[in-house]
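A look at the structure
Here is how the chains run, residue by residue.
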Amino acid sequence: METSRVTLTLFTDGACLNNPGPGGWAALIEGAHESTVLSGGCANTTNNRMELLAVIKGLESLNTQAKVSIFSDSKYVIDGVTKYLPRWRANGWKRSQRKPVKNLELWQQLDELIAKHRISWHWVLAHSGVPQNEFVDTLAREEALRFQSENS
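Residues numbered from 1 in each chain as written. Predicted model: local features only at pLDDT ≥ 70, side-chain atom pairs only at ≥ 80, totals over all residues. Heavy atoms only, no water.

1. Here we look at the layout of surface pockets
- The computed volume of the largest pocket comes to approximately 240 Å³.
- Lining of the largest pocket is provided by 14 residues; of these, Leu 8, Ile 29, Glu 34, Thr 36 and Leu 62 occupy positions nearest its centre.
- Mapped by element, the contributors of at least two residues to the lining of the largest pocket are strand S2 (21–30) and strand S3 (35–45).
- When grouped by side-chain class, the residues that make up the lining of the largest pocket number five nonpolar, seven polar and two charged. (1 Å grid on protein atoms, 1.4 Å probe; cavity = no way out; pocket = protein on both sides within 12 Å on 5 of 7 lines; lining within 4 Å. Points joined across faces, edges and corners; volume = space filled by probe spheres on them. Helix = DSSP H or I, 4+ residues; strand = E, 2+ residues; numbered from the N terminus. Nonpolar A, V, L, I, M, F, W, Y, C, P; charged D, E, K, R; others polar.)

Right, dumping it as structure tokens:
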């Protein structure tokens with residue numbers, strides 16, 4: 001893969017009330033000269049789906065190949081990508097117990113997106129004072145609350 005001249009940092013988070021329940025996701029993309037904020041949610045989902053969707057939406061928004069440092073407080077996402085994804089793909093999207101991977105369509109979508117970029121994955125401890133992580137955490141929760149109020 002050709003080395004990209006674009007270097008970005010992507011902070012992501014997902015939130016879910018009652019899990020399953022109303023959920024939200026948020027992504028903050030920081031470039032050399034500008035930042036972009038994305039967010040959304042849905043009425044009935046899970047926290048893991050929102051965590052995945054935050055990364056997917058962030059990567060989908062990129063219109064050029066990039067070197068991307070992704071920060072997430074989700075071990076589900078970080079471990080899924082760095083430890084399990086290649087094995088799932090090689091095993092026909094089955095886990096070690098031969099059961100289908102949960103959230104399969106999102107993992108497959110993420111797999112396609114990460115192939116387009118040079119990505120480094122970083123786990124950040126939630127609520128540890130990292131400003132960008134705190135920002136996306138708050139925004140994801142606000143989205144979940146918005147979907148909760150829209151459907152009550």
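2. Some remarks on the nonpolar core
- Counting 29 residues, the largest nonpolar core has Leu 59, Trp 107, Leu 110 and Trp 121 as its most contacted members.
- The set of elements that each furnish at least two residues to this core consists of strand S1 (7–16), S2, helix H1 (47–60), strand S4 (67–72), helix H2 (75–90) and helix H3 (104–114).
- The biggest single contributor to this core is H1, with seven residues.
- Residues in contact with Leu 59, not counting those within four places in the same chain, are Leu 10, Ile 70, Leu 110, Leu 113, Ile 114, His 117 and Ile 119. (Core = buried A, V, L, I, M, F, W, Y, C linked by side-chain atoms within 4.5 Å. Buried < 20%, exposed > 50% of the residue type's maximum accessible area, 1.4 Å probe, protein only. Contact = heavy atoms within 4.5 Å.)

3. Overview of the sheet that holds S2
- Ordered by their spatial adjacency, five strands build an open sheet running S3-S2-S1-S4-S5, and the pairing between neighbours is mixed. Single-partner strands in this sheet number two, and they are S3 and strand S5 (118–123). On average, adjacent strands in this sheet sit at an angle of 20° to one another, irrespective of strand direction.
- One ladder, built from eight bridges, connects S1 with S2; its direction is antiparallel. The residue of S2 that forms the bridge with Phe 11 is Leu 28. (Pairing = 2+ DSSP bridges. Axes fitted to C-alpha atoms, helices over the stretch in contact; angles between N-to-C directions.)

4. Topic: the side chain of Asp 13
- With respect to the secondary-structure elements, Asp 13 resides in strand S1.
- This buried residue, Asp 13, is left without a salt bridge; Arg 141 holds the nearest opposite charge, at 9.9 Å. (Lys, Arg positive; Asp, Glu negative; His and termini not counted. Salt bridge = Lys/Arg side-chain N within 4 Å of Asp/Glu carboxyl O.)

5. Quick look at H2
- Look at H2: 21 Å from first C-alpha to last across 16 residues, which is about the 22 Å you get at 1.5 Å a residue.
- Along H2, the largest kink reaches about 65° and is centred on Tyr 84; proline Pro 86 follows within four residues of it.
- Looking at the buried residues of H2, the elements they touch are H1, S4, H3 and S5.
- Positioned one or two residues after H2, Gly 92 has a phi angle of 65°, which is positive. (Expected span 1.5 Å × (residues − 1). Bend = angle between axes of the 7 residues up to and from the residue.)

6. Observations concerning the pattern of salt bridges
- Applying the stated criterion across every chain yields a total of six salt bridges.
- Measuring nitrogen to oxygen at the nearest pair gives 2.6 Å for the salt bridge that ties Glu 105 to Arg 49. Taken together, the positions of Glu 105 in helix H3 and Arg 49 in helix H1 put the pair 56 residues apart, joining distant regions of the chain.
- Put simply, Arg 89 and Asp 111 hold a salt bridge, and the shortest N to O gap is 2.8 Å.

7. Quick look at H1
- Across its 14 residues, H1 extends 20 Å between first and last C-alpha, which sits within 8% of the 20 Å expected from 1.5 Å per residue.
- For H1, the set of buried residues is Met 50, Glu 51, Leu 52, Leu 53, Ala 54, Val 55, Ile 56, Gly 58 and Leu 59.

8. Some thoughts on the packing of aromatic side chains
- With the rule as written, the count across this model stands at four aromatic pairs.
- Taken together through their ring pairs, the aromatic side chains of Tyr 76, Tyr 84, Trp 88 and Trp 107 make up a single cluster.
- When the ring centre of Trp 123 is taken as reference, the NZ or CZ atom of Lys 75 above it lies at 4.5 Å. (Phe/Tyr/Trp six-rings, centres within 6.5 Å; stacked < 30°, edge-to-face > 60°. Lys NZ or Arg CZ within 6 Å of the ring centre and 35° of its normal.)

9. Here's the deal with the pairing of S2
- With respect to burial, S2 is a largely interior element, nine of its 10 residues being buried.
- With antiparallel pairing between neighbouring strands as the criterion, S1 and S2 make up a hairpin whose turn holds four residues, including Asn 18 at a positive phi of roughly 75°.
- For S2 and S3, the ladder comprises nine bridges, and the chain directions are antiparallel. Bridge pairing in S3 places Glu 30 opposite Ser 35.
- Hairpin connection from S2 to S3: four residues lie between these consecutive antiparallel strands.

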